[in-house]
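So the chains spell out like this:
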Amino acid sequence: MAERSTVRTVTYDLLRTLGLTTVFGNPGSTEEPFLQDFPPDFRYVLALQEASAITMADAFAQVTGRPALVNLHSSAGTGNAMGNLVAAYHANTP
């Protein structure tokens, strides 16, 4: 258990260094380890569906000019979001 906590700490430290403290997503059981002990200086923007999470992150990135972090379910979530992910890529979203 301590090893997982260390991995989360290192992950959050890396995300802070990259300026990625706003996370967009539609959490499920596979995201529970990442969200356990979620740091207070991070913000999680809840979406009702994965495509919506990508769209919100896309708008955030375009407005701020910085990359956005999206946390999706492993396979089904990525599939649901793929169309919006391609659109963000073609729009040259950061």
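Note that the structure is predicted; figures quoted are calculated from it, not measured.

A few points about a nonpolar patch on the surface
Point 1. A surface patch of nonpolar side chains, amounting to about 240 Å² of accessible area, comprises M82, L85 and V86.
Point 2. Mapped onto the elements, M82 comes out in helix α4 (residues 76-90).

Focus on unusual backbone geometry
Point 1. For D37, which is not a glycine, the phi torsion comes out positive at approximately 60 degrees.
Point 2. Looking at the secondary structure, you find D37 in the loop between α2 (32-35) and β2 (43-46).
Point 3. Residues other than glycine seldom take positive phi values, yet N92 does so here, at roughly 60 degrees.
Point 4. Looking at the secondary structure, you find N92 in the segment after α4.
Point 5. According to the relative accessible area criterion, N92 is exposed, its value standing at 66%.

What counts and how
Residues numbered from 1 in each chain as written. Predicted model: local features only at pLDDT ≥ 70, side-chain atom pairs only at ≥ 80, totals over all residues. Heavy atoms only, no water. Patch = residues over 30% accessible without salt bridge, like charges linked within 9 Å, V, L, I, M, F, W, Y side chains within 5 Å. Areas by Shrake-Rupley, 256 points an atom, 1.4 Å probe, with all protein chains shown as cover. Salt bridge = Lys/Arg side-chain N within 4 Å of Asp/Glu carboxyl O. Helix = DSSP H or I, 4+ residues; strand = E, 2+ residues; numbered from the N terminus. Buried < 20%, exposed > 50% of the residue type's maximum accessible area, 1.4 Å probe, protein only.

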